[in-house]
Amino acid sequence: MALLLATIPLTSGSAAAEFGWAAWSSDGRRQRSQGSARAALLPSSDELILGVPAAALSWHQVTLPQGSMASGARLRSVLGGMLEDRLLDEPDTLHFALEPGAHAGVPIWVAACDRAWLRGAVQALEAAGRRVARIIPEFAPVPADTPPLLLAIGEPGAAQCVVCSQEGVAMLPLDAAGLALAGPLPPGATVLAEPAVAELAESVLGQPVPIIKPAERWLQASHAPWDLAQFDLASTGRARASKKAAAIFRELRHEPRWRAARWGVVVLLLAQLIGLNAWAWRERNALDAKRSAIRNVLTQTFPSVQLVVDAPVQMAREVAALQQATGGVTGADLEPMLGALAVSLPRGRVPTAIDFSGGQLRLRGLGLQASEASNVATALSSRGYSARSEGDLLLVQAEATR
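Here is what the cut-offs are and how they apply
Residues numbered from 1 in each chain as written. Predicted model: local features only at pLDDT ≥ 70, side-chain atom pairs only at ≥ 80, totals over all residues. Heavy atoms only, no water. Pairing = 2+ DSSP bridges. Helix = DSSP H or I, 4+ residues; strand = E, 2+ residues; numbered from the N terminus. Axes fitted to C-alpha atoms, helices over the stretch in contact; angles between N-to-C directions. Contact = heavy atoms within 4.5 Å. Core = buried A, V, L, I, M, F, W, Y, C linked by side-chain atoms within 4.5 Å. Buried < 20%, exposed > 50% of the residue type's maximum accessible area, 1.4 Å probe, protein only. Polar contact = N/O pair within 3.5 Å; in protein donor to acceptor, adjacent residues only side chain to side chain.

1. Some details on the sheet that holds strand 14 (residues 360-364)
Overall, antiparallel pairing links the four strands, which are arranged 13-14-16-15 in an open sheet. Each end of this open sheet is capped by a strand with a single partner; those strands are strand 13 (353-357) and strand 15 (385-390). Neighbour-to-neighbour, the strand axes of this sheet turn through a mean angle of 15°, independent of strand direction. Where strand 15 lies against strand 16 (residues 393-398), six bridges are found, and the strand directions are antiparallel. Its bridge partner being in strand 16, Arg388 is matched across the sheet by Leu395. Helix-sheet contacts for helix 10 (residues 370-381) involve strand 15 and strand 16, and the interaxial angle to strand 15 is about 160°.

Pasting the structure below:
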């Protein structure tokens, strides 16, 4: 399953606007290609994640009152009232998104961006037949138990310093004045730089700075649980469930913390497969042993049988031939049939005519009712004979399986 990360251009309202993109392998370990293209020319993928640049987002921390999350319309109205004094634009022209797992009564982060700009980017992709699985921010405030993050991004002529902390996201010039505004970094803070501004970042910070490529930054951002597709951009319930299931499957399949569980599932499946094969082999050997024993009984009892095809049938045929040759009485002869009839017919019922030929006994004149004929057939069946009525005629013969 290929993953495509596309970033929204700041001029997405233009028909000629191009999305920056990077294609990754399904496990996120190998970058296949990258570039920029219009929505209709983006590479195909199994999952498309849309990224919102940091310059297009503002971050605000609020504490929602109880009951404000009862409905989407009410929540948006509450957010508009709480953030009206902090926003440079009218709340009706902005799109809001709450942090994952947000609930009322505690401080939460709210992201805001131009509503028409974001909707235009999503509609352009949908018009090109590309369904957006998630919308993620380029940078977001870090959780309380995570050290701050400082990234140097941009080009040498317009380098910027992005600081992500528990207090929000700040974009400052990458120079001494910008770092002074950011304040001293606490111990353990993560510092990274894009290749184009790595030398400048090391000069300003006075320390070596690890390099991270922009495509890798976006991939790391996609691992966060953020999804800006909320309110009027939210998907249907079925689509949300599908996206959640896909995210869970992707995490279980590729995340390193689930590696032990994946190996456990593989070992369990292999054990089950080996066990089933061993059980099938044992049952097959037992069945072959029984067949061999039946063949041995047939060949030892009747040495004249050289080729065994169907041992039970051949055994019955040989026994019948032996009985015929020695004058023995079998269940298909007249005497056993008459004996079975004598104990099965109702008292006082005597046939007026008896005909026996080819192992079938025909009796006329019994005058059996339907219920009596059924009782006779049941009684004869327990003795190995089948019986049926045809008018005044009762037909009896030995069952083939006996």
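2. As for the sheet that holds strand 11 (residues 168-173)
As a general point, the strands of a sheet are linked pairwise by backbone hydrogen bonds and lie either parallel or antiparallel. Read from one edge to the other, the open sheet built from four strands follows the order 11-10-9-12, with strand pairing classed as mixed. Only two strands of the sheet have a single partner each, and these edge strands are strand 11 and strand 12 (190-193). For this sheet, the mean angle separating the axes of adjacent strands, direction not counted, is 15°. In this sheet, strand 12 lies alongside strand 9 (residues 149-153) in parallel orientation, the contact comprising four bridges. Bridge pairing in strand 12 places Ala152 opposite Ala193.

3. Quick word on the nonpolar core
In terms of nonpolar packing, the biggest core is built from 31 residues, with Phe19, Leu50, Val52 and Ile135 touching the most fellow members. Looking at this core, the elements that each hand over two or more residues are strand 1 (3-7), strand 2 (19-24), strand 4 (47-52), strand 7 (107-114) and helix 2 (115-127). For this core, the leading source of residues is helix 2, giving five residues.

4. Looking at the side chain of His95
Among the structural elements, His95 can be located in strand 6 (residues 94-98). Of the polar contacts made by the side chain of His95, one reaches the backbone oxygen of Leu228; its length is 2.8 Å. Aside from chain neighbours lying at most four places away, what touches His95 is Arg76, Ala111, Ala112, Cys113, Asp114, Arg115, Leu118, Leu228, Gln230, Asp232 and Leu233.

5. With respect to helix 5 (residues 214-222)
Among all positions of helix 5, only Ala215, Arg217, Trp218, Leu219, Ala221 and Ser222 are buried. Where helix 5 is buried, its residues meet strand 1, strand 2, strand 3 (31-37), strand 4, strand 8 (134-137) and strand 9.

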